[in-house]
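Inside the fold
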Amino acid sequence: MGVIGAYRKRKDETPMIKKGAVLILCAILILHLTACRSNPGPLSSQKAVDIMSPSQTAYDWPETPQEVYTLTVAVAIAKGTPSGQALLAIKEELEQRSNGAVTLDIFWESTLGGAPEIAESVTTGTVDIGLVSSAVISNYTHAIDVLSLPFIIENRQQFKAVLDNCFDEVTKGMEETIGIPLGLWEFGFRHLCTTEKEVLTVEDCARLTIRVMDGQVYKETFEALGCITSNIANSELTTAMQQGVVDGAEEPMATICNQQQYVFCDYVVMLGYNYSAGCPVLSAKTTERLPREVLDLLEQVFSEYRYYTIDEGERFEQKYINTCLENGMTVHYLSQEEMERFKETVMPVWEEYADLIGRDLIEQVVSLPY
């Protein structure tokens, strides 16, 4: 059954997670840091969401639509990002398959507010679809915080495995609190850029003032590294770097390049401590006014594009790195030994949030073959 179909079930019919033998969390963490995992093969044939339930059939859209359904979409990102390109592709696909009956009216770059405001607009129904970061969604439900745990997602293939096998568990609670999740999209691995001091070791982080994304897990991760954290608005970050208010920021490479932070930051260490994700969320109020055929089409197209931002993110990453290098930034890759030291230093954050997120879910994400 699709996510929208599932939403229309009684709320007490939430899927049960299969529980295997529960491992001791410390053992899980050690295995996550040291174990080599096998890749079972391509995941492209698997579905993140079972879009079409057996009772649903393809709808024959008339060549001339009798009614046009225009859905308001609010995002904080720009058109040129992988997520922006995904939305444009989905918009075109919806229009083509429905003969123009279904379209998206996209408001870019926080025109309708930042991520917290977008999330609120989705809950009230003033926005039909909002692209909301996992950090903001965690204010509504804590399961998604599993993605925010430092170093839990090591590469994109693992994230595809999470998408294929744990989507319902990771997005648990969203339908009742914010809206219906239509996927999980990549915002990029987050690295550490600094203005003057190059970070080569864990000790180099001590007393650095670092702007972190708004979210308690991010704050505590960098405090565990010895940093002083700041959550100034991203729109104020460039000025803060110029004036020396902060010594750097943890950002995806896309943000570093799109905001031209290489002008003020001399260094970036490819820490990749967090895989930043966002979720296109459909307002529950919107499902009440749209006919079944429109909801089915939305689910189908969003499902087909579930890997788009992941694949594009990988392609864009090297482009962003090259841009930083061309603009005089020093890009540093940690040795395996030093990377392990960073992981070990922030592992207490896992234990602190284990009960809030759910130990079974953490075990499930860590144990996935990819």
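Below, the structure is looked at part by part. Sequence order as written defines the numbering, with residues in each chain counted from 1. Note on the predicted model: pLDDT of at least 70 is required for a residue's local features to be given, and 80 or more for side-chain atom pairs to be given and counted; whole-chain, interface and lining totals, by contrast, use all residues. Excluded from the side-chain calculations are hydrogens and water; all other atoms, namely the structure's heavy atoms, are used.

1. Some words on the overall build of the chain
Helix and strand labels come from DSSP, where a helix needs a run of H or I of at least four residues and a strand needs a run of E of at least two; each type is numbered from the N terminus. Regarding its fold elements, the chain presents 17 helices and 10 strands. Exposed residues in this analysis have more than 50% of their type's maximum accessible area, buried residues have under 20%, and partly exposed residues fall in between, with area computed by a 1.4 Å probe over protein chains only. Within the span of the chain, comprising 370 residues, buried residues form 54% of the whole. When checking whether two residues touch, look at their non-hydrogen atoms; a contact exists if any pair is within 4.5 Å. The contacts in the chain between residues at least 6 apart in sequence include a share of 80% that link residues at least 24 apart. Accessible area of the chain: about 16300 Å², with a carbon and sulfur share of 49%. For every accessible area listed, the method is Shrake-Rupley and the probe measures 1.4 Å; residues are considered covered only by the protein chains on display.

2. Some thoughts on the nonpolar core
Val146, Leu147, Ile152, Ile153, Val170, Leu184 and Ile362 are the most contacted members of the largest nonpolar core, which has 46 residues in total. Looking at this core, the elements with two or more residues in it are helix 4 (115-124), helix 5 (134-137), helix 6 (156-165), helix 7 (167-170), strand 9 (267-282), helix 16 (348-357) and helix 17 (359-367). Looking at which element gives the most residues to this core, the answer is helix 16, with 5 residues. Residues contacting Val170, with those up to four places away along its chain left out, are Ala143, Ile144, Val146, Leu147, Val162, Leu184 and Leu361. Remark: nonpolar core denotes a set of buried residues (Ala, Val, Leu, Ile, Met, Phe, Trp, Tyr, Cys) joined through side-chain atoms within 4.5 Å. Among the nonpolar cores identified, the runner-up in size contains 31 residues, and Ala86, Ile90, Leu282 and Val301 belong to it.

3. What to know about the pairing of strand 9
The buried count for strand 9 comes to 15 of 16 residues, which makes it a mostly enclosed element. Here 5 bridges tie strand 3 (residues 129-133) to strand 9, and the two strands are oriented antiparallel to one another. Opposite Ser133, over in strand 9, you have Gly278 as the bridge partner. The pairing criterion for strands is at least two bridges between them, as found by DSSP. In the sheet, strand 4 (residues 180-181) pairs with strand 9 via 2 bridges, with the strands oriented antiparallel. Each residue of the ladder has a partner; that of Pro181, found in strand 9, is Val281. The pairing of strand 5 (residues 185-194) with strand 9 spans 8 bridges and is classified as antiparallel. Among the inter-strand pairings, Thr194 is bridged to a residue of strand 9, identified as Tyr267. Here strand 9 pairs with strand 10 (residues 330-332) via 3 bridges, running parallel. Within the sheet, the bridge partner assigned to Val269 lies in strand 10 and is His332.

4. Some thoughts on the packing of aromatic side chains
Classification of ring pairs rests on two measures: the distance between centres of Phe, Tyr or Trp rings, Trp counted by its six-membered ring, which must be within 6.5 Å, and the angle between planes, read as stacked under 30 degrees, edge-to-face over 60 and tilted in between. Throughout the structure, instances matching the rule amount to 7 aromatic pairs. Pairing Tyr59 with Trp61 gives two aromatic rings, centres 4.7 Å apart and planes at 80 degrees, and the pair type is edge-to-face. Residue classification places Trp61 among the buried residues on the basis of a relative accessible area of 12%. Through pairs of rings, three or more aromatic residues link up here, namely Phe159, Phe189 and Tyr275. Its guanidinium or amino end placed over the ring of Tyr307, Lys160 lies 4.9 Å from that ring's centre, counting from NZ or CZ. For a lysine, the NZ atom is tested; for an arginine, the CZ atom; a charge sits over a ring if that atom is within 6 Å of the ring centre and within 35 degrees of the ring normal. Above the plane of the ring of Tyr307 lies Arg306, whose end atom (NZ or CZ) is 4.9 Å from the centre.

5. A look at the pattern of salt bridges
Think of it this way: side chains of opposite charge can pair up when their charged atoms draw near. Salt bridges, as used here, are contacts in which a Lys or Arg side-chain nitrogen is within 4 Å of a carboxyl oxygen on Asp or Glu. Inspection of every chain in the model, using the stated rule, returns 19 salt bridges. Put simply, Arg97 and Glu93 hold a salt bridge, and the shortest N to O gap is 2.9 Å. Linking Arg97 with Glu93, this pair stays in helix 3 (residues 82-97), spanning 4 residues, or about one helical turn. As a salt-bridge pair, Arg341 and Glu203 come within 2.5 Å of each other at their nearest N and O atoms. Residue Arg341 is located in helix 15 (residues 336-346), and its partner Glu203 is located in the loop between strand 5 and strand 6 (209-211); the two are separated by 138 residues in the primary sequence. For Arg341, a relative accessible area of 32% gives the class partly exposed. According to the relative accessible area criterion, Glu203 is partly exposed, its value standing at 47%.

6. A word on helix 16
Within the span of helix 16, buried status applies to Val349, Trp350, Tyr353, Ala354 and Ile357. Along helix 16, the residues classed as buried sweep out an arc of 140 degrees about the axis, all on the same side. Exposed residues on helix 16 whose side chains face more than 90 degrees from its buried face are Pro348 and Asp355. A positive backbone phi angle near 115 degrees is found at Gly358, which sits one or two residues after helix 16. What the arc measures is the spread of directions leading from the helix axis to the C-beta atoms.

7. A few points about the pairing of strand 8 (residues 248-252)
Of all 5 residues making up strand 8, 5 are buried, and the element is well covered by its neighbours. Taking every second residue as pointing to the same face, both faces of strand 8 are buried, with Gly248, Glu250 and Pro252 on one and Ala249 and Glu251 on the other. As paired strands, strand 6 and strand 8 are joined by 2 bridges and run parallel to one another. Each bridged residue has a counterpart across the sheet, and for Ile210 the counterpart in strand 8 is Gly248.

8. Things to note about unusual backbone geometry
Negative phi values dominate among residues other than glycine, just as trans dominates among peptide bonds. Within the chain, Glu109 stands out as a residue other than glycine whose phi angle is a positive 50 degrees. Checked against the element boundaries, Glu109 lands in the loop between strand 2 (102-107) and helix 4. The class of Glu109 is exposed, set by a relative accessible area of 55%. Despite not being glycine, Gln260 shows a phi value in the positive range, around 50 degrees. As for its placement among the helices and strands, Gln260 is situated in the loop between helix 11 (253-258) and strand 9. Judged by relative accessible area, which is 44%, Gln260 ranks as partly exposed.

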